[in-house]
Structures are given as C-alpha cells and as structure tokens.
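The chain contents come next:
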Amino acid sequence: MLGGRPNGIRIIPARPRRIPDPNAGSGLSSLHAEVPVTPAPLPVPANAIEIENLTKVYKARNGQPAKTALDGVSLTIPRGGFFALLGPNGAGKSTLINIMAGLVMKTSGTVRVWGTDIDRDDRQARAAIGIVPQELNLDPFFTPRELLEVQAGLYGVPRRERRTLEILDAVGLADKADAYARTLSGGMRRRLLVAKAMVHQPPILVLDEPTAGVDIELRQQLWRYVKELNARGTTILLTTHYLEEAETLCDQTAIINNGTVAACDSTRNLLRRLDSKAVIVTLGGGVPDPLPAGLAAVGACARGGDQIVIRYQPSVTSIGTILEALHTADLDIRDLVTEETDLEDIFLQLTRKAA
Ligand SMILES: Nc1ncnc2c1ncn2[C@@H]1O[C@H](COP(=O)(O)OP(=O)(O)OP(=O)(O)O)[C@@H](O)[C@H]1O
C-alpha cells in the first residue's frame, strides 16, 4: 500500500526548472505546454478546497450562444473529507473540476486548492491534486510501469521516492506492470488512471465518474483502495451518477444543478431533509374498502394487491402513532416494512424543483 505523506507533500524538486504539462496524456486538455516549478513543501491548510463565488461563462462561439456553466458557486471541501459532487448532465461538474485542475479558465471568483489561490500559483495548486479523468485515455503502447514512471518524471518525483510497483500493487495491477496498456480491460485501465493520479502523492484525489462501466467486483476493489487512501488522510472529491455510491462512501455531498449549488451538507443531514418515510403493510385478508377511519387519518392508502402504504413525516407523526392506528384497526398483518428516503429522492426533488 501507499506509504503517503498526505498532509505535507513535497513533490517538486528544490532546483527550479520547467517541466512539461503533468496532465499530458491523461485525456484532459492542457492550457500550459510548460509550467514553471516552484520549490517548497506545501503547508497543511484547514480546508482542502475553498471555492468562493465561482462563475464560468463559456463565450459565444460558432453560432452557439454564451453559456453560464457556473453561476456564483461557493463550496468548502474539508481536509481529509470524502466529498461527493452530484448533478445531472450539464450541471457544471466537469467545468468545476477542470478549473481546479487549471484546465479551464474561470470567469470570476476565487479557488484555493490546498491553501493556494489558483490565481497566485496555479502550478502549486495543480501539484496538490491528482485527477482521474472520465475518459479511459491511455497510451496503448506503454506498460503500466512505464506510464507511472513517465508521470512521476513529469511531476519531478525523484527516482528514490517513486513507488511505482507499490502503487500498481495497491490498485491490483502489479501482475500487469509490464503488459501493454492496450491489453488491459476497461476496469484495469480505470484503476491504472487512479494509480497515475497518485504517483506524486497528492493530498487531494479527484475522481470524475470513476466507476462508469466498471463491473461490481472491480468497483468494490477500487473503492477499497480509495477508502484506504482517505483513511490515510487523502481528501477525496468524487463525481458520480451512482447515487448509492455517494450515499455509502461520502461524508459530505453537494448537489449542483444549472451551475449553482442546490444543496451542500453532510450526507446524513441531506438524507434527513426530505422528512419523509413510508410504512408498507401486507395484509392477510385483503385491503378493506373503505379503510378504517383511524388508518385513513394517518394517511394510509391502498397500494394494490394486499398492501397498504402509509407515508408520513417523522417530524410530525411518530412511528408509535402509526403502529397504534394499525393495532386499533385490528387487521390481519402478514408483513410490515419501512422505506427510507435515499439520496436519489433528495437529488430528484432538488433538481426537479430547480427545473
Ligand atoms: N467548452 C465549452 N464551450 C461551451 N459550453 C460548454 C463547454 N464545456 C461545457 N459547456 C457547457 O457548460 C455546461 C456545463 O457543462 P459540464 O461539462 O461542466 O457539465 P457536467 O455537470 O460535467 O456534465 P456531465 O455530467 O454530462 O459530464 C453545459 O451546458 C455544457 O454544454
């Protein structure tokens, strides 16, 4: 596993020189063919990422009107957090990530990455982030070992500090170290991209839809590794369309829609927000019509078949009141289950409201 220095990285050689763009070949576009290298270890900031009033307007081009992709976005991602960035297609997630990575120029606002304002020192800010891009874009004629060595070289990691095999082992690719990338499966390429993003041991790892098209077993393997990185102090920012991934992995979630932040809270608080639960009761003798008055009073409805559903707001009605109404109705109850609100409900509610 990685023996990291997540809080005090020093990835830049003391002797200033110019190196090629470290994102070359990652599938991300590059604004800087060459970037100056600044020495000095990074201090440990209170927050991994601080974004204030960030706006991005893509200019009108080729007959297409100007597009406001981000409109006054403010977000704080705490150091060491596991943060989900959710949003429908076109919400502005990639734009946000690409601005942090120095690949898209913002229109206005402030972005601090690991304490460094990207306007002051974009090279230093970029050094603090490892990005796993959406596209499986790897040079097919390089082996994983070579790809990681080249990436380490681009970031100026001295040979004695490189952990090529250790990182490949951590993502389950040690036995593929010398195989051509073109012979790797989609899941293996995805994990290789994670390995590539980690060669300079950045304190922040950004994963842009990392499990799209990855089968369940490999997905779990990837998450085990990312969770371990997080446990060792790496801040994780994840964009995903799999809401259950955000729900189970992330301690904080921001929902972004139409370029604005629709919600940002601990995932637990977001789940509490809808204040809606349901009790589903399966009856032995069919559903009485009409329903007993006591059950109708707590909002019970026939659900078809032999079930009734009682939707309630936990902040207004206690589960005890519902159980009492069921008891009083004296029905032949065969089964009873409760349904919780999940992140998908919150997501749909917030994004539909905005629409
Ligand atoms: N280079 C560009 N020029 C003009 N408009 C752009 C450009 N890149 C993105 N956009 C527009 O900005 C908006 C936000 O796009 P962005 O790619 O950031 O969304 P996203 O949330 O990452 O979407 P997805 O989940 O589909 O990747 C969209 O309307 C998109 O069409």
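These figures come from a predicted structure and were not determined experimentally.

Cut-off values and rules
Within any chain, residue numbers begin from 1 and follow the written order of that chain's sequence. The predicted origin of the model limits local features to residues at a pLDDT of at least 70 and limits the giving and counting of side-chain atom pairs to 80 or more, whereas totals for whole chains, interfaces and linings rest on all residues. By definition, a residue lies near a molecule or strand provided its backbone-derived C-beta atom is within 6 Å of it. Strands are runs of DSSP state E lasting at least 2 residues, helices are runs of H or I lasting at least 4, and numbering of each runs from the N terminus. Note that Gly is not counted as nonpolar here; it falls among the polar residues with everything else outside the nonpolar set of Ala, Val, Leu, Ile, Met, Phe, Trp, Tyr, Cys and Pro and the charged set of Asp, Glu, Lys and Arg. By the convention adopted here, residues make contact when the C-beta atoms placed from their backbones lie within 7 Å. The span you would expect from a helix comes to 1.5 Å times its residue count less one. To sort residues by exposure, count the other C-beta atoms lying within 10 Å of each residue's C-beta; 20 or more gives buried, 12 or fewer gives exposed, and values between give partly exposed, all with C-beta atoms placed from the backbone. Residue ranges assigned to each domain were obtained from an automatic or database domain assignment. Whether two strands pair depends on DSSP finding at least two bridges between them. In this description, the arc belongs to the directions extending from the helix axis to the C-beta atoms. Each residue carries a pLDDT value, the predictor's own confidence for that position, ranging from 0 to 100. Here the axes come from fitting lines to C-alpha atoms, over the contacting stretch only for helices, and the angles between their N-to-C directions go from 0 to 180 degrees. For the purposes of this analysis, a nonpolar core is taken to be any set of buried Ala, Val, Leu, Ile, Met, Phe, Trp, Tyr and Cys residues that are connected through C-beta atoms within 7 Å. Working rule for angles: under 35 degrees goes down as roughly parallel, over 145 as roughly antiparallel, 65 to 115 as roughly perpendicular, anything else as oblique. Each crossing gets its hand from how the near helix is turned against the far one by less than a right angle, where anticlockwise is left-handed and clockwise is right-handed.

## So, the site of the ligand
Right, on to step 1. Close to the ligand lie Y58, K67, A69, G87, N89, G90, A91, G92, K93, S94 and T95.
Right, on to step 2. Elements supplying a minimum of two residues to the shell around the ligand: β4 (67-78) and α1 (93-100).
Right, on to step 3. Partitioning the shell around the ligand into residue classes produces three nonpolar, six polar and two charged.

## Here we look at the environment of A302
Right, on to step 1. The topology assignment puts A302 in strand β14 (residues 300-302).
Right, on to step 2. Once the C-alpha coordinates of A302 and P133 are considered, the two residues, 169 residues apart in sequence, prove to be 48 Å apart.
Right, on to step 3. Here A302 is in contact with V287, L291 and I308, once residues within four sequence places are set aside.

## Comments concerning helix α5 (residues 186-197)
Since one α-helical turn is 3.6 residues long, residues separated by three or four positions face the same way.
Right, on to step 1. Given a rise of 1.5 Å per residue, twelve residues ought to cover 16 Å, and the 17 Å separating the end C-alpha atoms of α5 matches this to within 8%.
Right, on to step 2. Within α5, nine of the twelve residues are buried, which leaves it mostly tucked inside the rest of the structure.
Right, on to step 3. Those residues of α5 that are buried lie in contact with β8 (129-132), α3 (144-154), α4 (164-170), β9 (204-208) and α6 (216-231).

## A word on the environment of V226
Right, on to step 1. If you trace the backbone, V226 turns up in helix α6.
Right, on to step 2. On the neighbour-count criterion, V226 (22 C-beta atoms within 10 Å) is buried.
Right, on to step 3. Remark: the alpha-carbon pair of V226 and L168, spanning 58 residues in sequence, is separated by 13 Å.
Right, on to step 4. If sequence neighbours within four positions are ignored, V226 has contacts with L207 and I236.

## Considering the domain arrangement of the protein
Right, on to step 1. Domain boundaries assigned for the protein yield domain 1 (18-271) and domain 2 (275-341).
Right, on to step 2. On a C-alpha basis, the centroid separation for the pair domain 1 and domain 2 is 46 Å.

## Side note on the environment of Y58
Right, on to step 1. Residue position: Y58 is located in strand β3 (residues 47-58).
Right, on to step 2. Take Y58: there are 15 C-beta atoms within 10 Å of it, and that puts it in the partly exposed class.
Right, on to step 3. Along the primary structure Y58 and V104 are separated by 46 residues, whereas in three dimensions their C-alpha atoms are 9.9 Å apart.

## Brief notes about the pairing of β3
Right, on to step 1. Pairing of β3 with β4 involves nine bridges; the strand directions are antiparallel. Across the sheet, residue I49 finds its bridge partner in β4, namely I77.
Right, on to step 2. Alignment of β3 against strand β6 (residues 108-113), held across five bridges, turns out to be antiparallel. Note that in β6 the partner of T55 across the bridge is S108.

## Brief notes about helix α10 (residues 319-329)
Right, on to step 1. Of all the positions in α10, only I322, A325, L326 and A329 are classed as buried. Buried positions in α10, seen along its axis, are confined to an arc of 100° and lie on one side of it. Opposite the buried face of α10, at more than 90 degrees from it, the exposed residues are G320, H327 and T328.
Right, on to step 2. Positioned one or two residues after α10, D330 has a phi angle of 55°, which is positive.

## A look at the confidence of the model for the protein
Right, on to step 1. Chain-level pLDDT for the protein is 82 on average; 86% of the residues reach the 70-or-more range.
Right, on to step 2. Long-range and interchain partners of residues 1-39, a stretch whose pLDDT sits below 50, account for 89 contacts in this model, where long-range means more than four residues apart.

## With respect to the sheet that holds strand β15 (residues 307-312)
Right, on to step 1. In spatial order, the strands read β14-β15-β13-β16; together these four strands make up an open sheet with antiparallel pairing. Each edge of the open sheet is held by one strand with a lone partner, namely β14 and β16 (333-339). Strand-to-strand twist of the sheet, defined as the mean angle between neighbouring strand axes without regard to direction, takes the value 20°.
Right, on to step 2. As paired elements, strand β13 (residues 277-283) and β16 share six bridges and run antiparallel to each other. If you follow V279 over to β16, its bridge partner there is T338.

## Thoughts on the nonpolar core
Right, on to step 1. Residues V113 and I204 are the most contacted members of the largest nonpolar core, which totals 75 residues.
Right, on to step 2. No other element matches the six residues that α5 contributes to this core.
Right, on to step 3. The next biggest cluster of nonpolar side chains, apart from the first, holds eleven residues, and it includes V279, V281, L295 and A325.

## Thoughts on the sheet that holds β9
Right, on to step 1. Here six strands make up an open sheet; going across it, the order is β8-β9-β10-β5-β11-β12 and the pairing mixed. The sheet terminates laterally at β8 and β12 (260-266), the two strands that pair on one side only. Adjacent strand axes in the sheet meet at a mean angle of 15° when their direction is disregarded.
Right, on to step 2. In this sheet, strand β10 (residues 235-239) lies alongside strand β5 (residues 82-86) in parallel orientation, the contact comprising four bridges. When the sheet's bridge partners are listed, L85 is paired in β10 with T239.
Right, on to step 3. Packed on one face of the sheet, α6 meets β5, β9 and β10 and runs near 140° to β10.

## Re the packing of α3 against α5
The description of two packed helices rests on the angle between their axes and on the distance between the axes.
Right, on to step 1. Closest axis-to-axis distance for the α3/α5 pair is 9 Å, and the angle between their directions is 25°. When the axes of α3 and α5 are compared, the pair comes out roughly parallel. The chirality of how α3 crosses α5 is right-handed. Residues P144, L147, L148 and Q151 of α3 touch α5, and the partners they reach there are L192, A195 and K196.
Right, on to step 2. Here the contact of α3 with α5 is built from residues that sort into five nonpolar, one polar and one charged.

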